[in-house]
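Examining the three-dimensional arrangement
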Amino acid sequence: MATAPYYLTTPIYYVNDRPHIGHAYTTLACDVLARFKRLDGHDVHFLTGTDEHGQKVEKSAQAAGKDPQVFTDEVSQNFRKLAEDMNYSNDDFIRTTEDRHTRAAQAIWQAIDANGHIYLDSYSGWYSVRDEAFYGESELTEDEDGRKRAPSGSEVEWVEEPSYFFNLSKWQEPLLEFYAANPDFIGPDTRCNEVVSFVAGGLKDLSISRTSFKWGIPVPNDPDHIMYVWLDALTNYLTAVGYPDEENPDYSKFWPADLHMVGKDIVRFHAVYWPAFLMAAGLPLPKRIYAHGWLLNKGEKMSKSLGNVVLPEDLVGKYGLDPVRYYLLREVPFGNDGYISHETMVSRINSDLANDIGNLAQRSLSMIAKNCGGAIPNSGAFSDDDKALLDAAHNVVVDVRSEFDQQAFHRGLEAIWKVVGDANRYVDAQAPWALRKTDPDRMATVLYVLAETIRHLGILIQPIMPEAAAHMLDQMAIAPDSRSFAHLGPDHALVAGTALPKPEPVFPRYVDEDAAE
Ligand code: MSP
């Protein structure tokens, strides 16, 4: 069995706020991919965590009247709790205030410096604390009150202070060459084009230290300077696999990372600054950066001021965890912005889950319970229709793998649900209930084919709905160690005579109490 390593990361979340559904979404996509890769035989390292330094966090701590360390200890916990509540399978949770990370961030600084890419000067220009980003005058617009605004809409302030600079301008050509040689480095293509034209437009050297606040990692040998929070934060991906200890087995196994998943708002930091820092430090570059779109609440950006922030715990409390996990990745084409709403959630739960896959499993297993003594039936020779369905169930993993490798989760799920549709059409066409009297042997074969199809579906939906899938597979009496993708296909087919537990519905309908009133 292949055990190729697969290292994937989420962005690390600012601890200035409690987690909302947008944060949950990024990590969910990674969790689904991590689970998929494990089932597909990879040795996965899945990292998430919190970004705890910088002015933005410092200000939030001040606003809360707390010492930044106490504040970050508290807020970071909310993200750990989110990971539990959402059933994320992360292998590590990193905090940038940990010692291992200070060591790594200072080491990468020293490596870049030793290679001659850092110089001391002074910075004067615009800074957005909300974005933790510097902006050129030409990038700014004025709002109706005459205040300068960053392209993201956030406020900017004038900063003038001594600063270390990274010679980013020198990396324009190497970056462009790298993008050209590695066309899959940035996905989706629209983002790749944006990044390439941004870099082709010319790069300015980047201020990478600040002296006007203290909450961060001191610059090696010049502790009056605090490292720019993005250089600090990006390095977390190296810290977690043991850098700067390049002898660390995790480092040799997992670096360079296979995928950094990010939102579209932070693609520039990951696809321009990060590869330039790594090249400057003489380190290998990650294989891929994928920037997904934004989740919008009925078309509006979620924000505290609009009061329309959706909290993961509210959604999960109302609809259940696995339905929420399915909905978020099925409803919105990954990579695009997309709306979430109660109406589309209920429709997905009731049609895709309760009607399509839920009914398929429930009616097939109930027929087996009733007509085959509660055990897997004996099958006769397979007809062409039987073979077509079994082949579709067996082979769909190939399509799902290729879609998931491009982060097209919605298309991977669509492929699985195409098999669900095929299976439902098969039940209707074969009408096993009618065969009970006319041809019981054929009925047994049809029910066997259905059970085998459901086994495949149960295995395939594990990444997206781990609990529901486990429930389905338990009902098929499939041993926990027989649920990987290596068990798809006829070699591991269900054995006639295996006793099955009493079937229970796995995907209940959502009854809209508000609408019923
Ligand atoms: N701390 C930085 C990342 C550093 S990575 C080295 C940061 N943090 S964040 O908490 O502001 O955002 C983290 C992620 O959440 C981003 O990828 C962002 O796109 C995502 N989302 C925040 N709101 C979102 C939505 N409404 N919808 C989808 N994702 C969004 O940036």
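Okay, so let's go over this structure. This structure is a prediction, so every number in the text was calculated from the model and none was measured.

Conventions used here
Residues numbered from 1 in each chain as written. Predicted model: local features only at pLDDT ≥ 70, side-chain atom pairs only at ≥ 80, totals over all residues. Heavy atoms only, no water. 1 Å grid on protein atoms, 1.4 Å probe; cavity = no way out; pocket = protein on both sides within 12 Å on 5 of 7 lines; lining within 4 Å. Points joined across faces, edges and corners; volume = space filled by probe spheres on them. Helix = DSSP H or I, 4+ residues; strand = E, 2+ residues; numbered from the N terminus. Nonpolar A, V, L, I, M, F, W, Y, C, P; charged D, E, K, R; others polar. Polar contact = N/O pair within 3.5 Å; in protein donor to acceptor, adjacent residues only side chain to side chain. Contact = heavy atoms within 4.5 Å. Pairing = 2+ DSSP bridges. Axes fitted to C-alpha atoms, helices over the stretch in contact; angles between N-to-C directions. Parallel < 35°, antiparallel > 145°, perpendicular 65-115°, else oblique. Buried < 20%, exposed > 50% of the residue type's maximum accessible area, 1.4 Å probe, protein only.

A short note on the layout of surface pockets
Here the second largest pocket is characterised by a volume of approximately 490 Å³. Among the elements that make up the lining of the second largest pocket, the one with the highest residue count is strand β5 (residues 118-128) (4 residues). Residue composition of the lining of the second largest pocket, grouped by class: 12 nonpolar, 6 polar and 5 charged.

Re the side chain of threonine 96
Here threonine 96 lies in the loop between β4 (92-95) and α4 (99-114). One polar contact links the side chain of threonine 96 to the main-chain amide nitrogen of glutamate 52, over a distance of 2.8 Å. The residues touching threonine 96, leaving out its near neighbours within four places in the chain, are Ile12, Thr50, Asp51, Glu52, His53, His101, Ile217, Asp232 and Ala233.

Some remarks on the sheet that holds β5
If you trace the 4 strands from one edge of the open sheet to the other, you get β6-β5-β9-β11, paired in antiparallel fashion. Edge strands, defined here as strands with exactly one partner in the open sheet, are β6 (133-135) and β11 (206-207). The pairing of β5 with strand β9 (residues 157-166) spans 10 bridges and is classified as antiparallel. Paired with glycine 125 across the strands is valine 159, a residue of β9.

Some details on the packing of α4 against helix α10 (residues 267-281)
Contact pair α4 / α10: the axes reach a minimum separation of 7 Å and the direction vectors enclose 65°. Between α4 and α10, the crossing angle belongs to the class labelled roughly perpendicular. Across the interface between the two elements, Ile108, Ala111 and Ile112 from α4 touch Trp274, Phe277, Leu278, Ala280 and Ala281 from α10. Split into classes, the residues belonging to the contact of α4 with α10 amount to 8 nonpolar, no polar and no charged.

Considering the sheet that holds strand β13 (residues 218-219)
Taken together, the 3 strands give an open sheet; going across it, the order is β12-β14-β13, and neighbouring strands pair in antiparallel fashion. Of all strands in the sheet, those bounded by a partner on one side alone are β12 (209-210) and β13. Note that β13 and strand β14 (residues 222-227) share 2 bridges and pair antiparallel. The residue bridging valine 219 from the neighbouring strand is aspartate 222, located in β14.

Focus: unusual backbone geometry
Residue proline 188 is bonded to the preceding glycine 187 through a cis peptide linkage, with omega at -10°. Among the secondary structure elements, proline 188 is positioned in the loop between β10 (186-187) and α6 (189-200). Of the consecutive residues tyrosine 243 and proline 244, the connecting peptide bond is found in the cis state with omega at 10°. Here proline 244 is to be found in the loop between α8 (236-239) and α9 (249-254). Here asparagine 87, not a glycine, exhibits a phi torsion of approximately 60°, which is positive. You can see asparagine 87 is positioned in the loop between α3 (68-85) and β4. Residue classification places asparagine 87 among the partly exposed positions, given a relative accessible area of 21%.

What to know about the packing of helix α12 (residues 321-331) against helix α13 (residues 342-371)
Interhelical geometry of α12 versus α13 gives an angle of 105° and a closest axis separation of 10 Å. Classified by the interaxial angle, the pair formed by α12 and α13 is roughly perpendicular. Contacts from Pro323, Val324, Tyr326, Tyr327, Arg330 and Glu331 of α12 reach α13 at Thr344, Met345, Arg348, Ile349, Asp352 and Leu353. Among the residues forming the contact of α12 with α13, the class breakdown is 7 nonpolar, 1 polar and 4 charged.

Without other data, these values stay purely geometric and don't point to any function.
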